[in-house]
Amino acid sequence: MIGIRALGAYLPAQRIANRDRLEKFAISEEFIEQRIGMRRLAVCAPGEGTTALGVRAFEALADHARFDRAAVQALIVVTQNPDRNIPHASAEMHGRLGLGEGCACFDISLGCSGYVYALSVASAFMEANGMELGVLVTADPYSRILDPEDKNTCLLFGDGASATLLGRDPAFALGKFTFGTAGKQAGELACDAGRLYMNGRAVFNFAAKYVPLDVAEALRRNGVRAQDIDVFVF
C-alpha cells in the first residue's frame, strides 16, 4: 500500500510581522491572536519563486529521509502560482533536482484542498502503475498576488513549500478520502488581474458549515469514532 513515508518543508527566511501593521489596518493584537492566528508571515526573497520553493522543500526532505533520488518514479506538484504557464512546475523542478528521465511529472492546480486531492491522486497513480517511490510537492508564493493594502488577504497568506515522500511500508497509511465542491461560491476567493480577492466572511461561513460535516463523513467512511481521535488539526 502506498502511504506517507516522510515529510519535509521549507519557509523563506524573510518575515512580515502582523503586529507591525496594527495601526495601518486599525486592528488589535487580540484580533491577530484570536481572529487571524498568524503573527508572522514568511515571504519569498526577490527572485525566489515556485520552483525554488519546491526544490528547497525537496532537498529538506532528502536530507531527512535519505532516499535515493534516482529511484523517484513520480514527482507531483500542487500549486496555483507557477513561475510560468509552460513548462509545468514539476518539469522545472525535475530538471533542477536532476531526477531520472523515467520519472513521471505532472502538476495539480488547487489551493487549500490541494494536498488532500494530490495524496489521493498520487497514491492511486503510483498503485496503478506499479511505482514504489514518489514525491508530492506543494509550493505557492502567494505574496506575488497579494495587494499589500488589502487586510482580508495580506494578513493571512504567506509563502512556503512542503515535500512528502510516498511509498510502500509507510509511516502514515492513507484512509478513505472525502471530496466536494461549492462551485457557485467560486467568486468568494479568486485571483483577477493578478490580485487575490477574498470575501473573508463567506469563506469563514463555508468552513464552519462544511468542514464539520466533512470530518464526520471521513470518520464514517474509515470506521473511526470521533472519541478515538486524539487531536484534530485544522
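Just so you know, these numbers come straight off a predicted model, no measurement behind them.

Caption draft 1: The arrangement of the overall build of the chain in detail. Of the regular secondary structure elements, the chain holds seven helices and nine strands. Expected size for 234 residues packed as a compact globule is a radius of gyration near 17 Å; at 19 Å, the chain falls within 12% of this value. If one aligns the C-alpha atoms of the chain with their principal axes, the spans along those axes are about 55 × 45 × 35 Å. Buried positions account for 38% of the 234 residues belonging to the chain. Contacts in the chain between residues at least 24 apart in sequence constitute 74% of all its contacts with a sequence separation of at least 6. As displayed, the chain offers around 13400 Å² of accessible surface, 53% of which is attributable to carbon and sulfur atoms. Treating the 24 positive side-chain charges of the chain as one cloud and the 27 negative ones as another, the clouds have centres 3 Å apart.

Caption draft 2: Quick peek at helix α7 (residues 200-221). Given a rise of 1.5 Å per residue, 22 residues ought to cover 32 Å, and the 31 Å separating the end C-alpha atoms of α7 matches this to within 8%. Where α7 bends most, the angle comes to about 30°, and this point is Tyr210, followed within four residues by the proline Pro212. Just beyond α7, the residue with positive phi is Gly223, at close to 65°.

Caption draft 3: Spotlight on unusual backbone geometry. Going from Ile86 to Pro87, the amide bond is cis rather than trans, its omega being 0°. Structurally, Pro87 is set in the loop between β4 (74-78) and α4 (89-97). Positive phi, normally seen in glycine, also occurs at Arg66, with a value near 55°. Residue placement: Arg66 occurs in the loop between α3 (50-65) and β4. With relative accessibility at 68%, the residue Arg66 sits in the exposed group. Located in the positive-phi region is Ala193, a residue other than glycine, with phi close to 55°.

Caption draft 4: Main features of the packing of α3 against α4. Look at α3 against α4: their axes get within 9 Å of each other, and the N-to-C directions meet at 50°. In terms of orientation, α3 and α4 fall into the oblique class. Like other packed secondary-structure pairs, α3 and α4 cross with a definite hand, here right-handed. Contact with α3, carried on its side by Thr50, Thr51, Ala52, Gly54, Val55, Phe58 and Glu59, involves Glu92, Met93, Arg96 and Leu97 of α4 and no other residues of that element. Its residues placed into classes, the contact of α3 with α4 shows five nonpolar, three polar and three charged.

Caption draft 5: Structural context of the side chain of Asp140. Position of Asp140 among the secondary structure elements: in strand β6 (residues 133-141). Buried and without a salt bridge, Asp140 has Arg144 as its closest oppositely charged side chain, separated by 7.4 Å. Residues in contact with Asp140, not counting those within four places in the same chain, are Leu53, Val78, Thr79, Gln80, Asn81, Gly158, Asp159 and Gly160.

Caption draft 6: The packing of aromatic side chains, seen in detail. Tallying each qualifying case throughout the model produces seven aromatic pairs. For the ring pair Phe232 and Phe234, a centre distance of 6.3 Å and an interplane angle of 5° mean the geometry is stacked. Judged by its relative accessible area of 40%, Phe232 is partly exposed. On the basis of relative accessible area, Phe234 is assigned to the exposed category, the value being 75%. Feature note: the residues Tyr117, Phe177 and Phe179 constitute an aromatic cluster, connected by ring pairs. Note that Lys151 overlies the ring of Phe31, its terminal NZ or CZ placed 5.9 Å from the centroid.

Caption draft 7: Fine view of the sheet that holds strand β5 (residues 104-108). Here we have five strands laid out as an open sheet, ordered β1-β7-β6-β4-β5, and mixed in their pairing. If you trace the sheet from one side to the other, it starts and ends with β1 (3-10) and β5, each paired once. Averaged over all neighbouring strand pairs, the angle between strand axes comes to 15°, with direction disregarded. As paired elements, β4 and β6 share five bridges and run parallel to each other. The partner of Val78 across the bridge, within β6, is Thr138. Across the sheet, α3 touches β1, β6 and β7 (159-167), and the angle it forms with β1 is around 125°.

Thresholds, definitions, all that
- Residues numbered from 1 in each chain as written.
- Predicted model: local features only at pLDDT ≥ 70, side-chain atom pairs only at ≥ 80, totals over all residues.
- Heavy atoms only, no water.
- Helix = DSSP H or I, 4+ residues; strand = E, 2+ residues; numbered from the N terminus.
- Rg over C-alpha atoms; globule rule 2.2 N^0.38 Å.
- Buried < 20%, exposed > 50% of the residue type's maximum accessible area, 1.4 Å probe, protein only.
- Contact = heavy atoms within 4.5 Å.
- Areas by Shrake-Rupley, 256 points an atom, 1.4 Å probe, with all protein chains shown as cover.
- Lys, Arg positive; Asp, Glu negative; His and termini not counted.
- Charge placed at Lys NZ, Arg CZ, Asp CG, Glu CD.
- Expected span 1.5 Å × (residues − 1).
- Bend = angle between axes of the 7 residues up to and from the residue.
- Axes fitted to C-alpha atoms, helices over the stretch in contact; angles between N-to-C directions.
- Parallel < 35°, antiparallel > 145°, perpendicular 65-115°, else oblique.
- Left-handed = near helix turned anticlockwise from the far one by under 90°.
- Nonpolar A, V, L, I, M, F, W, Y, C, P; charged D, E, K, R; others polar.
- Salt bridge = Lys/Arg side-chain N within 4 Å of Asp/Glu carboxyl O.
- Phe/Tyr/Trp six-rings, centres within 6.5 Å; stacked < 30°, edge-to-face > 60°.
- Lys NZ or Arg CZ within 6 Å of the ring centre and 35° of its normal.
- Pairing = 2+ DSSP bridges.

These figures come from the coordinates and say nothing about function on their own.
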